[in-house]
Amino acid sequence: MHPGRIAPHIAALGAQHRDRVADILGATHAFSPSEIEVALELFDDALRSSESYELIGVFDDEGALEGYACWGPTPATDRGYDLYWIAVDPAAHGSGWGSALMLAVEERLRVRDARMLVVETSSRDSYGATRLFYERRGYVERARVRGFYAEGDDRVVFTKQLQAGAGEEARHE
């Protein structure tokens with residue numbers, strides 16, 4: 001966290017946060033306009049029904065939304081979930097708020113006895129910090145689909161076991 005700032009506040013998001021989420025996604029310069037459009041479609045779907053997607057945000061001590069996460073159950077799996085989006089305003093990078101969001105998602109899933117969280121990202125160099133972010137939080141690269149997003153841009157799949165004791169087994173697979 002930045003010096004002088006209090007711990008982030010994690011809370012559910014509402015329709016009033018949509019524009020700020022769009023601003024955060026755009027500010028990262030990591031997502032194309034079509035990717036941002038998809039993220040906002042999931043945001044809207046989550047507000048209509050919590051069955052497929054869920055949202056939380058991280059707010060600074062003044063109540064400003066600084067980042068958000070969107071996740072949901074993976075169809076046809078035994079307690080598997082996908083993290084669809086996580087983004088923090090670049091001005092707040094290094095604040096620890098991305099980690100706070102990840103921990104909050106994982107805690108919410110553990111309460112539900114979720115078994116696994118799956119994260120997909122790009123292999124592009126510009127996503128190197130993103131991949132390192134996941135690895136530092138215990139996510140393990142499990143698959144790589146060469147040229148998935150575009151030529152030279154692989155889909156990289158990370159997973160994390162969420163049940164107590166499952167993580168150690170996962171490291172030895």
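To be clear, the structure that these remarks concern was listed above.
Residues numbered from 1 in each chain as written. Predicted model: local features only at pLDDT ≥ 70, side-chain atom pairs only at ≥ 80, totals over all residues. Heavy atoms only, no water.

Draft legend 1. Broad picture of the pairing of strand β2 (residues 54–59). Of all six residues in β2, six are buried; the element is thus mostly enclosed. Of the two faces of β2, the one carrying E54, I56 and V58 and the one carrying L55, G57 and F59 are both buried. Of the pairings in the sheet, the one linking strand β1 (residues 9–12) to β2 comprises four bridges and is antiparallel in character. In the strand pairing of β2, I10 is matched with V58. Sheet topology note: the β2/strand β3 (residues 65–73) ladder contains six bridges and is antiparallel. (Buried < 20%, exposed > 50% of the residue type's maximum accessible area, 1.4 Å probe, protein only. Helix = DSSP H or I, 4+ residues; strand = E, 2+ residues; numbered from the N terminus. Pairing = 2+ DSSP bridges.)

Draft legend 2. Representation of the layout of surface pockets in the model. Its volume calculated, the largest pocket comes out at about 1200 Å³. Counting residues per element, the ones that place at least two in the lining of the largest pocket are α2 (33–48), β4 (80–88), α3 (97–111), β5 (116–122), α4 (128–136), β6 (140–150) and β7 (153–161). Ranked by residue count, the leading element in the lining of the largest pocket is β4, at seven residues. Residues that form the lining of the largest pocket fall into these classes: 21 nonpolar, 13 polar and eight charged. (1 Å grid on protein atoms, 1.4 Å probe; cavity = no way out; pocket = protein on both sides within 12 Å on 5 of 7 lines; lining within 4 Å. Points joined across faces, edges and corners; volume = space filled by probe spheres on them. Nonpolar A, V, L, I, M, F, W, Y, C, P; charged D, E, K, R; others polar.)

Draft legend 3. Inspection of the nonpolar core at higher detail. Counting 24 residues, the largest nonpolar core has L83, I86, M102, L109, L117 and Y134 as the members making the most contacts within it. Those elements that place two or more of their residues in this core are β2, β3, β4, α3, β5, α4 and β7. No other element matches the six residues that α3 contributes to this core. Discounting chain neighbours no more than four positions away, the residues touching I86 are Y68, A69, G98, L101, M102, F133 and Y134. Among the nonpolar cores identified, the runner-up in size contains 21 residues, and V21, F59, Y68 and W85 belong to it. (Core = buried A, V, L, I, M, F, W, Y, C linked by side-chain atoms within 4.5 Å. Contact = heavy atoms within 4.5 Å.)

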